[in-house]
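Per-entry structural report
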Protein chains: 2
Amino acid sequence: MDEFARIRHWTERRQSPALLASQGVVLGIGDDAAVVGTPPGEAGALEWLLAVDTMVETVHFNDATMAEEDIGWKALAANVSDIAAMGGTPRHALVSISVPKTWEPERVRRLYDGLYACAGQYGVAVIGGDTTSSPLHLVVAVTVTGTVAAGRAICRAGARPGDAVFVTGAAGMSAAGLHFLLAAAAAGEAAAANAAQPMGAAGGSPLGAGAAAPSAPRPRPVPPAAAEAAGTAALVQAHRRPAPSVRAAALLAARGSVTSLDDVSDGLASEAWEIAQASGVKLALRESRLPKSGSLAAYAHRCGADPLEWILYGGEDYVLLGTIAAGDADAAKAELEAAGLPMYIIGEAEAGPAGVELVRDLDVRGPVRREPLAKRGYNHFGG
Amino acid sequence: MDEFARIRHWTERRQSPALLASQGVVLGIGDDAAVVGTPPGEAGALEWLLAVDTMVETVHFNDATMAEEDIGWKALAANVSDIAAMGGTPRHALVSISVPKTWEPERVRRLYDGLYACAGQYGVAVIGGDTTSSPLHLVVAVTVTGTVAAGRAICRAGARPGDAVFVTGAAGMSAAGLHFLLAAAAAGEAAAANAAQPMGAAGGSPLGAGAAAPSAPRPRPVPPAAAEAAGTAALVQAHRRPAPSVRAAALLAARGSVTSLDDVSDGLASEAWEIAQASGVKLALRESRLPKSGSLAAYAHRCGADPLEWILYGGEDYVLLGTIAAGDADAAKAELEAAGLPMYIIGEAEAGPAGVELVRDLDVRGPVRREPLAKRGYNHFGG
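Just so it is clear, the model here is predicted, and its values are computed rather than measured.

Remarks on the overall build of chain A
- Counting its secondary structure elements, chain A contains twelve helices and 13 strands.
- Taking 2.2 N^0.38 as the reference for a compact globule, 383 residues should give roughly 21 Å; the C-alpha atoms of chain A span a radius of gyration of 23 Å, in line with that estimate.
- Seen through its C-alpha atoms, chain A measures out along the principal axes to roughly 70 × 60 × 35 Å.
- Scored against the burial criterion, the 383 residues of chain A give a buried share of 55%.
- In chain A, of all internal contacts separated by at least 6 residues, the share reaching a separation of at least 24 is 84%.
- Carbon and sulfur atoms make up 56% of the accessible area of chain A, which totals about 15400 Å².
- Charge separation in chain A, taken as the distance between the mean sites of 31 positive and 41 negative side-chain charges, equals 3 Å.

Focus on the relation of the copies chain B and chain A
- Between chain B and chain A, the superposition needs a rotation of 180° and an axial shift of 0.0 Å, giving an RMSD of 0.0 Å. Accordingly, the operation relating the two chain copies is best matched by a two-fold axis.
- Both copies contact each other with a shared surface, as 100% of the interface residues of chain B are interface residues in chain A too.

Some details on the UniProt feature "binding site: Mg(2+) 2" (unreviewed entry) in chain A
- Within the UniProt annotation, "binding site: Mg(2+) 2" (unreviewed entry) is assigned to D53 and D82 of chain A. A maximum C-alpha distance of 8.9 Å among these annotated residues, which run over 30 residues, shows that they cluster at one spot.
- Here D53 of chain A is to be found in strand β3 (residues 46-56).
- In this view, D53 of chain A contacts A78, N79, D82, V140, A141 and V142 of chain A together with D130 of chain B; residues no more than four positions away in its chain are not counted.
- Locating D82 of chain A in the fold gives a position in helix α3 (residues 68-84).
- Residue classification places D82 of chain A among the buried residues on the basis of a relative accessible area of 8%.
- Not counting the four nearest positions on each side in its chain, D82 of chain A is found in contact with A51, D53 and D263 of chain A together with D32 and A33 of chain B.

Some words on the domain arrangement of chain A
Residues and elements named next belong to chain A.
- Domain annotation for chain A reports domain 1 (3-149) and domain 2 (164-177 + 240-372).
- If you look at the interface, domain 1 gives 18 residues, while domain 2 gives 16 residues.
- Where domain 1 packs against domain 2, one counts three salt bridges.
- A salt bridge links R240 to D70, with the nearest nitrogen and oxygen atoms 3.6 Å apart.
- For the interface between domain 1 and domain 2, the tally reads six residue pairs in polar contact (both at pLDDT 80 or more).
- It is α3 that provides the largest number of residues to the side of domain 1 that touches domain 2, a total of ten residues.
- Grouping the constituent residues of the side of domain 1 that touches domain 2 by class yields ten nonpolar, four polar and four charged.

Here we look at the packing of helix α8 (residues 246-255) of chain A against helix α12 (residues 329-338) of chain A
Residue and element names in this part refer to chain A.
- Contact pair α8 / α12: the axes reach a minimum separation of 10 Å and the direction vectors enclose 145°. The two elements α8 and α12 meet at a crossing, and its hand is right-handed. Residues A248, L251, L252 and R255 of α8 form the contact with α12, whose own contacting residues are A331, A332, E335 and L336.

Description of the environment of T11 of chain A
All names here are of chain A.
- Along the chain, T11 falls in helix α1 (residues 3-11).
- Through-space distance from the C-alpha of T11 to that of R370 is 52 Å; in sequence the pair is 359 residues apart.
- Apart from the residues within four sequence positions on either side, T11 is in contact with I29, Y112 and Y116.

Focus: the pattern of salt bridges
Residues and elements named next belong to chain A.
- In the structure shown here, the tally under the stated rule is 61 salt bridges over all chains.
- Residue E335 pairs with R255 through a salt bridge whose shortest N-O separation is 2.6 Å. Of this pair, E335 sits in helix α12 while R255 is found in helix α8, placing the two residues 80 residues apart along the sequence.
- Judged by its relative accessible area of 30%, E335 is partly exposed.

Some remarks on the interface of chain B and chain A
- Each side of the interface is counted separately: chain B has 50 residues, and chain A has 50 residues.
- Of the roughly 3800 Å² buried where chain B meets chain A, counting both sides, 61% is carbon and sulfur surface.
- Across the contact surface, chain B and chain A share four salt bridges.
- Close ionic contact of D32 of chain A with R156 of chain B constitutes a salt bridge, the shortest N to O distance being 3.2 Å.
- Put simply, chain B and chain A have 15 residue pairs in polar contact (both at pLDDT 80 or more) between them.

Some thoughts on the sheet that holds strand β8 (residues 258-263) of chain A
Residue and element names in this part refer to chain A.
- In space, the seven strands of this open sheet follow the order β8-β10-β7-β11-β9-β12-β13, with mixed pairing throughout. Where the open sheet ends on each side, the last strands, each with one partner, are β8 and β13 (369-372). The sheet shows a mean angle of 25° between the axes of neighbouring strands, taken without regard to direction.
- Note that strand β7 (residues 164-167) and strand β11 (residues 344-351) share four bridges and pair antiparallel. Bridging from a neighbouring strand, A164 pairs with E348 of β11.

Remarks on unusual backbone geometry
Residue and element names in this part refer to chain A.
- Following G352, the chain continues into P353 via a peptide bond in cis, with omega recorded as 10°.
- Relative to the elements of secondary structure, P353 occurs in the loop between β11 and β12 (355-360).
- Although it is not a glycine, E316 sits at a positive phi angle of roughly 65°.
- Tracing the sequence through the fold places E316 in the loop between α11 (307-313) and β10 (320-324).
- Overall, E316 belongs to the buried group, its relative accessible area being 6%.
- Unlike most non-glycine residues, Y318 shows phi in positive territory, near 60°.

Digging into the sheet that holds strand β12 (residues 355-360) of chain B
Residue and element names in this part refer to chain B.
- With mixed pairing, seven strands are arranged side by side in an open sheet as β8-β10-β7-β11-β9-β12-β13. The strands lining the two open edges of the sheet, one partner per strand, are β8 (258-263) and β13 (369-372). Neighbour-to-neighbour, the strand axes of this sheet turn through a mean angle of 25°, independent of strand direction.
- Two elements, β12 and β13, share four bridges in a ladder whose sense is antiparallel. Within the sheet, the bridge partner assigned to V359 lies in β13 and is R370.
- In this fold helix α13 (residues 326-338) packs onto β7 (164-167), β10 (320-324) and β11 (344-351), with an angle of close to 135° to the strand it touches most, β10.

Re the pairing of strand β4 (residues 89-100) of chain A
Residues and elements named next belong to chain A.
- In terms of burial, β4 is largely enclosed, as eleven of its twelve residues are buried.
- Across nine bridges, the pairing between β4 and strand β6 (residues 139-149) is antiparallel. Counterpart to A93 in the pairing with β6 is V144.
- Here β4 runs beside strand β5 (residues 125-134); their pairing, made up of nine bridges, is parallel.

Considering the UniProt feature "binding site: Mg(2+) 3" (unreviewed entry) in chain A
- According to UniProt, the positions carrying the feature "binding site: Mg(2+) 3" (unreviewed entry) are D32, D82 and D263 of chain A. A maximum C-alpha distance of 32.5 Å is found for the annotated residues, which run over 232 residues; spatially they are spread out rather than grouped.
- Take D263 of chain A: it is sitting in strand β8.
- Among all residues touching D263 of chain A, those that are not within four sequence positions of it are A78, S81, D82, A85, E271, Y318, V319 and L320 of chain A together with D32 of chain B.
- At a separation of 2.7 Å, a polar atom in the side chain of D263 of chain A contacts the side chain of S81 of chain A.

Definitions and cut-offs
Residues numbered from 1 in each chain as written. Chains lettered and ligands numbered in written order. Predicted model: local features only at pLDDT ≥ 70, side-chain atom pairs only at ≥ 80, totals over all residues. Heavy atoms only, no water. Helix = DSSP H or I, 4+ residues; strand = E, 2+ residues; numbered from the N terminus. Rg over C-alpha atoms; globule rule 2.2 N^0.38 Å. Buried < 20%, exposed > 50% of the residue type's maximum accessible area, 1.4 Å probe, protein only. Contact = heavy atoms within 4.5 Å. Areas by Shrake-Rupley, 256 points an atom, 1.4 Å probe, with all protein chains shown as cover. Lys, Arg positive; Asp, Glu negative; His and termini not counted. Charge placed at Lys NZ, Arg CZ, Asp CG, Glu CD. Least-squares fit on C-alpha atoms with pLDDT ≥ 70 in both. UniProt positions renumbered as here; feature names shortened; annotations may be inferred. Domains from an automatic or database assignment. Salt bridge = Lys/Arg side-chain N within 4 Å of Asp/Glu carboxyl O. Polar contact = N/O pair within 3.5 Å; in protein donor to acceptor, adjacent residues only side chain to side chain. Nonpolar A, V, L, I, M, F, W, Y, C, P; charged D, E, K, R; others polar. Axes fitted to C-alpha atoms, helices over the stretch in contact; angles between N-to-C directions. Left-handed = near helix turned anticlockwise from the far one by under 90°. Buried area = accessible area lost by both parts, 1.4 Å probe. Pairing = 2+ DSSP bridges.

If you want it as structure tokens, here you go:
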């Protein structure tokens, strides 16, 4: 069985007929295209949601930051989040994966394990894929479908002055988790280099350290135990296994009062700008209202970092950011909290010009200042 | 404007509102997900078709074999062909593209020019995408949707003993075109190396020829004029700008007599095997019936190659291979030909065991032999 046949073997008939049927799948993986009909139980006219998201080795992850299962989980989760961000129900996924020869099949199998675990968690039917080889780096592009009642998709463009601004979870966790993982990996490499030095070996290569890299063992992902020991487990979990706000999105969409919605894939400030520009409003975010996790605060303190930098400009948290009619904000919050889901009112929309401001209201003795926030996005490895 | 903003600029509002509306697009590129409804004019229950296909630099193309416009065209055309191969109408596309820093934005713009040209040709609405950077090689993964009347998708599994086997065009053209392109590029490199030698320069690098490559100018695609001069223009066109059989698929699907259908992306023998195994039949292909283009025959003769090798084991022709109720084969052929579309009856399905045989019926004096065909696929660069 060649490598591609093996991958087909891992993906065919992997999900139960009941799950596939529940998503309206007529024909899944294995023919020229998948065939899907209207999912059963849907009454009334439907519209379909479609999104694609890509993860590239060395750009979005490396050997130290993510295990293979994490890559598969996150590749799908990022897409599921896009469907949630439209107020929709995720339905199907198609997976394009380009695999370098240096990736043993066992690693690919583990990537699919993570992807199917995420698919199971969110009830997504994996209905198609394409596997190709890749010269050097793994690339995985996932396309998802979702459904929404006709005319009920929630775009970025609907925010109105007076609306309340909310998030469904703490932002910045994933970026702080990545910071920890990169630091832990660098420390591990330094320790390994020190341990290796006494062995002497055959002296320096004329090409320098780079030439030795191909024969060096592949770095292993920073183990979860290291994060547990450092008190950063929640941050690392947010980076490796993000949990898109699908249930919150469904409850919010059903209320009919949410006027704009986005997921925080590219940082809170950047996504707020997206809504502000699309809607032609100014979003004022109150610093005192931004949810800040204890482990983020503790880790930022420990490494002398500004937690606000992660909260505003970190990315890949996949919580939802949106606006809601002010009169319904408290009731929506109460409904989500009754379902065990957090919701934080963090500011309000104001009449334009389009922009995002941070209201510096933490210092109760000083004057309240307002600072414009830059529209800059998330950059994984600072490259 | 950064590179990604420039790419968004090339893709937003690029297609006419009329085209988008004709495909039921409610919301196109620019939000978390696209929103599509039922395309107007569709009566009765629909099912959706979904497929994804990926092209990787150095695996599926290189600088010599394809211009940027060709890559964009073919990335979409391969997917459109998958929808045709189900008897469906292509509707929408989502484009994931991972771009290395070595690709100037201008090259990416040309890739999109080709992709949008193909989208215009087949009426496909481009409704989403994701652009990421890539460490070294370009990767483009396209997902397409299509529609088909509920229950009318044509799978691989329906062939019955007695059915006629048909193709909608000559196979092997693309593989022969690639052969020409690689040979022309190698000849060009040899000529360039000879031309460079008299200039002397600073002598050999201790690392050999490979070390000079990064500073060498990027090879340009073999120009169409070279193919014109060599009589291989049709072969090169088949490789660079494949034309999926969308109209033929629509006419064939409407007849209701087509029992299985596949596109020849992976070679005639390989796709015949797919149908044979899925349907549990034996497909007997008659050598005398296989369409063979004049330019393919001439080029094979010129380079001492066996044209049958390309016809059976070449790939990426994107013609359709299928089976049809024997009683309707002649009428279907007449209908397609009246529409200016070729159709060739090349054999028949027989009772299993599953397999594919070539009936060697060209030598009218000798005995007719039957040879089993191997189930091997297409490998671009022999790697």
